[in-house]
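Inside the fold
So the chains spell out like this:
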Amino acid sequence: MEKRNNVWANVDWITISIYLAMMIIGWINIYAAVYNEEHKSIFDFTQQYGKQLMWIGAAIFIAVLMINTDSKFFVSFAFPIYIVIILILMLVPFIGTVINGAKSWIRIGDFLLQPSEFMKMATSLALARYISSYNFKIHSFKSLVTLGGIILLPVGLIFLQNDTGSAIVFGVFLLVLYREGLNGIVLFFSFLIALVFIFTMVLDPLVTVLILTAAAFLVNHLIKKKLQRTLIAVGVFTGIFAILWLINYLVQGSVDPLYFLLAAAIISSAIFFIWAMVIRKRSLAILIGIYLGSVLFAVSVDYVFHNIMEQHQRDRINELLGIQSDLHGAGYHVNQSKIAIGSGGFFGKGFLQGTQTKFDFVPEQSTDFIFCTVGEEWGFLGTVTVIGLFLGLLIRLIFLAERNRSKFSRVYGYCVATILFFHFAVNIGMTIGLAPVIGIPLPFFSYGGSSLWSFTLLLFVFIRLDASRFEQLSY
Amino acid sequence: MDTFSKRKFIIAGIMLLIGAIFIIRLFTIQITNKTYKQFATRNVLRKIITFPARGLIYDRNNELMVYNKAAYDLMLIPREVKSFDTTELCRIVQLDRMELRESIKKAKQYSYYKPSIVAGQISPDIYAPLQEKLYKYPGFFVQSRTLREYPSKSAAQALGFVGEVNQRIIESDSYYRSGDYIGVSGLEKAYEKELRGIKGITKSMVDVHNRIKGKYNEGLEDTTAILGQNLMTGLDASLEAYAELLMTNKRGAIVAIEPATGEIILMVSAPSYDPNVLVGRQRSTNYSILDRDSLNKPMWNRAIIGRYPPGSTFKLANALIALQEHAISPFDRFSCSGKGSKPISCTHPHVSPLAIREGIRESCNSFFWNTFRSIINNKKNPADGYQAWRDYITSFGFGTKLNPELSSEVKGNIPEVALYDKWYTPGHWNAMTIRSLAIGQGEIEATPLQMANMCALIANRGYYIEPHIVKAIQDTNRVYRELKFEKKVVDIAQEHFNTVIGGMEAVIAETRLQFTVKQDSFIVCGKTGTVQNPHGADHSAFVGFAPRDNPKIAIVVFIENAGFGATYAAPIAGMLIEKYMNDSIAPKRKELEQRLIETNLLNVVEVKKKL
């Protein structure tokens, strides 16, 4: 009894308050997004807001349950939980139900559960357990392979279920590994590769190569701060390009300008690289290496995409990046989403006064695009409040993670913070046209039992762990 | 101990950076950029226009001449169209697929945001199934409106017709939008502003599937449609129909005026058409058929645009002027040598010498040559004499537009002194030079309406009221507003009218018209005209009024290429007068009536007419 009181006294009420605030605000916006004159009652369980009220009740139950669970349970059962959910995920292709083209749901009675949502928590537990083990050295070959396995196994399974959005979330664990000592270069390169990939797919390789070239010159200039040399370098590059283009023009060839750019990039890189070796400037050589690598990566991504991949694979990637999910021409959904948010102005149109979301101009207005309702009905004040709540929660979680002496708790806390961050960044980013349209929910806001419960589980396991920060967590 | 602890700042920094980027982005789209608000309004706002029923047109006996029937237009907003089952839509609306494609293309050319008509004037039985399926076709909606219906099927040219507005009208008048109707001719055009009423606008909010979700701005900006105003005319619908029956297979015009009020009782232009053919979906086909009939020109209103020499009917005017100017006296006699008369030969032998009463009765060219010469020579020089004559003639309404309503009316022509000065040089022309005017030929041109007006002026013994079709307008509150028309008095003494009327009475009572026009119960006065036509056979003309005292109707009948006025124009006028006065035709005249109806005068002569 005394111990239990102790737990409730040690839980972080700030986090819980933010959590409750988000759920309530989220529910209000779901109510507005799908508001129906004929079903005004908030307890009308035929409507999404009635159901969401049930999900919220269940979520609070889960939260209380987690806080009443012994924290040692999570440490001890981290791997078993991971393995059980992996097994369930493996079963999904056989017993799953297809919703929106993704066979990632399991039907239990009237409820639909999405195991991939719970996989985030299980993977976080497993990562925390493995990283906090004795003799863990992040840069040992064995560790890297094990970490890669823990992360990539669920990613692979979820990919197979056609739920690419959820799979991509696992990439955010790189931030956790970075916190635990992974070389920053890995993070840098991952980021660079992702960026080059997205740019190549969304824009086009020619533009990507031009951006990379400009970026390389800029970085070089910022390091060296010698304008004359930068200008000479730019001159060499454009000179080579111009000569090639002129030759093509004179012989009236019809070569794609991309190839001239590529040739110019390779030739000038070679020249600068030799020069860097001569004057023994290692940093310049590295920069050139990164540059050339990125350029070749961009071009090969484009080549592989267009010449090697099958159509259905291309569709998958296009869908992932929100390029082809659009039935009414480029950016229709994102444009409608921006119209909804933009029309809210500073104070918003007021509760239930939104027209764009309520009248279905915005797709998925209660789930993935719930932020549109916030923007339309509550305006800039509402959107800033929601962003403020998220940033507050994220910073608070990092603070909590850092104050735990237990490495397990800290790693797990970072997992929670980064997963929430990724959802926040991609979900809100897509509604305002800053991120590709990847269908992932906004935590605690979007309609849906699975996502609400899994995020509650994810968060409250950490709140429970944090409540035990003064205990020695042993295993 | 934890060497990587400071990395928490980098991770937290990344999060805060993303948050900051979001806030900046939201600031720009929610506060700086105002276009999203407009887009949002455009997304949900649907203006639905309710068209008021167009005003009705009544005849002098309060019988409906024009009313409305319900119809529906299928409208389209190109921007909102999603791909749909064209075959099904075509089947419901009974439209050809090519037609549908063509209208969609036209709609896109007009505007992506403004509605255009895809299929106009859908009947109620097509409308019902269409309305049910409409949810399947975002971008399409139905607008109800009314179509004209003409129960008496007559007076097509006078009533005119309505048609879709063209681009020029849309650009010059903001009231009209693509697909709206406007009066194109006749009364429909003249009283467009009264008839059309005021459109009502309902602003509704629609969802992405174009379903109406509620009122916009709580309906504060909505306006209700205001009914068009009704026109009360002086036309007699049944007489009009009867006149058109008599004019079957004839080319010409009839105008009848109530002398005391100036109300136009009849305005017939033959050949005519059933005004109902210019309504509904067959309108454009029928329109081009009528428009291309270059021989009969059924859409021309000859009553107001036909420019004819008035012929012998004009002798009445000359007689009045001569008497008023004391150029002749009622007792002056002139001799006539029949066909051998100089300078104008007379058409037939008759008593000679003869005074004005017989002169009118016999329509003696010699008599009127002398009369006209007396008028011209009554002043110091022929030019002054002519000018005095011309002043009288124009005061009769010739050479000017009489009717304030119908914009297509022509002025006709009464030459000015300057014209003859130009032709013959000043001082080198005299009565002899312009002698054709003595018998209503030559340069003068008059419309049937002007001739009828002259007749009303004689019937009134000295004045006329501006001839008009619409006498009152019934406004939205069903209150009548009587229209005012100017009374124009001519400077001719009443006794001279009585003299001339005496001659007109003799025309009916003492010539062969006593068998075709003369009535038992009242006295008819009239004058025939056989109008020489440089382009073909003579026109048959008649002006007359009845009863002699307290006249009720003044009429002109003008039939192209029909020969002697006494043969066709006068009997037809007689029938109409009888019908108007007695409501029926006496049995003894039924045979004549039948003959008149059956006579075909359309192909009398091969002519190249210029009206």
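Reference entry: report on the structure contained in this document. (Residues numbered from 1 in each chain as written. Chains lettered and ligands numbered in written order. Predicted model: local features only at pLDDT ≥ 70, side-chain atom pairs only at ≥ 80, totals over all residues.)

Observations concerning the overall build of chain B
The helix and strand tally for chain B stands at 21 helices and 19 strands. In chain B, of all internal contacts separated by at least 6 residues, the share reaching a separation of at least 24 is 71%. (Helix = DSSP H or I, 4+ residues; strand = E, 2+ residues; numbered from the N terminus. Contact = placed C-beta atoms within 7 Å.)

So, the overall build of chain A
Within chain A, the secondary structure is distributed over 19 helices and three strands. The proportion of buried residues among the 475 residues of chain A is 44%. Of the contacts formed within chain A by residues at least 6 apart in sequence, a portion of 69% connects residues at least 24 apart. (Buried ≥ 20, exposed ≤ 12 C-beta atoms within 10 Å, placed from the backbone.)

Remarks on the sheet that holds strand β2 (residues 102–108) of chain A
Residues and elements named next belong to chain A. Reading across from one edge, β1-β2-β3 is the order of the three strands in this open sheet, with antiparallel pairing throughout. Of all strands in the sheet, those with a lone pairing partner are β1 (97–99) and β3 (111–113), marking the two edges. Across the sheet, the axes of successive neighbouring strands diverge by a mean angle of 50°, strand direction being ignored. Pairing between β2 and β3: three bridges, direction antiparallel. (Pairing = 2+ DSSP bridges. Axes fitted to C-alpha atoms, helices over the stretch in contact; angles between N-to-C directions.)

What about the interface of chain A and chain B?
Taken together, the 35 residues of chain A in the interface contact 30 residues of chain B. With eleven residues, helix α17 (residues 370–403) of chain A is the single largest residue contributor to the side of chain A that touches chain B. Classifying every residue of the side of chain A that touches chain B by side-chain character gives 20 nonpolar, ten polar and five charged. (Nonpolar A, V, L, I, M, F, W, Y, C, P; charged D, E, K, R; others polar.)

Regarding the nonpolar core
In terms of nonpolar packing, the biggest core is built from 128 residues, with Val255(B), Cys455(B) and Ile555(B) touching the most fellow members. Of all the elements, helix α18 (residues 448–459) of chain B adds the most residues to this core, at nine residues. Structurally, this core is a two-domain feature, drawing no fewer than three residues from each of domain 1 (47–133 + 142–233) and domain 2 (237–290 + 302–598) of chain B. Listed in part, the 115 residues of the second largest apolar core include Ala59(A), Ala122(A), Leu127(A) and Leu442(A). (Core = buried A, V, L, I, M, F, W, Y, C linked by C-beta atoms within 7 Å. Domains from an automatic or database assignment.)

Digging into the sheet that holds strand β1 (residues 45–50) of chain B
All names here are of chain B. Pairing within the open sheet is antiparallel, and its three strands lie in the order β1-β8-β9. Bordering the open sheet on either side are β1 and β9 (212–215), each of which pairs with just one other strand. On average, each strand axis in the sheet is inclined to that of its neighbour by 45°, with strand direction left out of account. Of the strand pairs in this sheet, strand β8 (residues 200–206) and β9 are connected by three bridges, and their pairing is antiparallel.

With respect to helix α10 (residues 237–246) of chain B
Residue and element names in this part refer to chain B. Taken across its ten residues, α10 has seven buried, putting it largely inside the fold. Taken together, the buried positions of α10 are Ala-237, Leu-239, Glu-240, Tyr-242, Ala-243, Glu-244 and Leu-246. Buried-residue contacts for α10 involve β3 (64–76), β11 (252–258), β12 (263–270), α20 (569–582) and α21 (590–598).

With respect to the packing of helix α11 (residues 205–224) of chain A against helix α14 (residues 282–308) of chain A
Residues and elements named next belong to chain A. It is at 10 Å that the axes of α11 and α14 come closest, and there the two elements cross at 170°. With respect to each other, α11 and α14 are oriented roughly antiparallel. Together, Pro-205, Thr-208, Val-209, Leu-212, Ala-216, Val-219, Asn-220 and Ile-223 of α11 and Ser-283, Leu-284, Leu-287, Tyr-291, Ser-294, Val-295, Ala-298, Val-299 and Asp-302 of α14 make up the contact between the two elements. Split by residue class, the contact of α11 with α14 holds twelve nonpolar, four polar and one charged. (Parallel < 35°, antiparallel > 145°, perpendicular 65-115°, else oblique.)

Topic: unusual backbone geometry
The peptide bond linking Ala270(B) to Pro271(B) adopts the cis configuration, its omega dihedral lying at -5°. By the element assignment, Pro271(B) lies in the loop between β12 and α11 (283–292). The peptide bond linking Ala546(B) to Pro547(B) adopts the cis configuration, its omega dihedral lying at -15°. Within the secondary structure, Pro547(B) sits in the loop between β18 (539–546) and β19 (553–559). At Phe444(A), a position not held by glycine, the phi torsion is positive, near 70°. Inspection of the secondary structure assignment puts Phe444(A) in the loop between α18 (407–431) and α19 (449–467). Its 27 C-beta neighbours within 10 Å are what place Phe444(A) among the buried residues. Even without a glycine there, the phi angle at Asn62(B) is positive, about 60°.

Topic: the pairing of β8(B)
Sheet topology places β1(B) next to β8(B); six bridges connect them, and they run antiparallel. By the bridge assignment, Thr50(B) is partnered in β8(B) with Gly200(B).

Brief notes about the pairing of strand β14 (residues 470–474) of chain B
Residues and elements named next belong to chain B. The sheet contact formed by strand β10 (residues 230–233) and β14 spans four bridges and is antiparallel. Bridging across to β14, Met-232 finds its partner in Ala-472. Here three bridges tie β14 to strand β15 (residues 480–482), and the two strands are oriented antiparallel to one another. Within the sheet, the bridge partner assigned to Ile-473 lies in β15 and is Arg-481. Hairpin connection between β14 and β15: a loop of five residues separates the two successive antiparallel strands, and Arg-478 in this loop has a positive phi of roughly 65°.

Thoughts on the environment of Met232(B)
All names here are of chain B. Note that Met-232 resides in strand β10. For Met-232, a count of 20 C-beta atoms within 10 Å translates into the label buried. If sequence neighbours within four positions are ignored, Met-232 has contacts with Tyr-58, Val-470, Lys-471, Ala-472, Gln-474 and Tyr-480.

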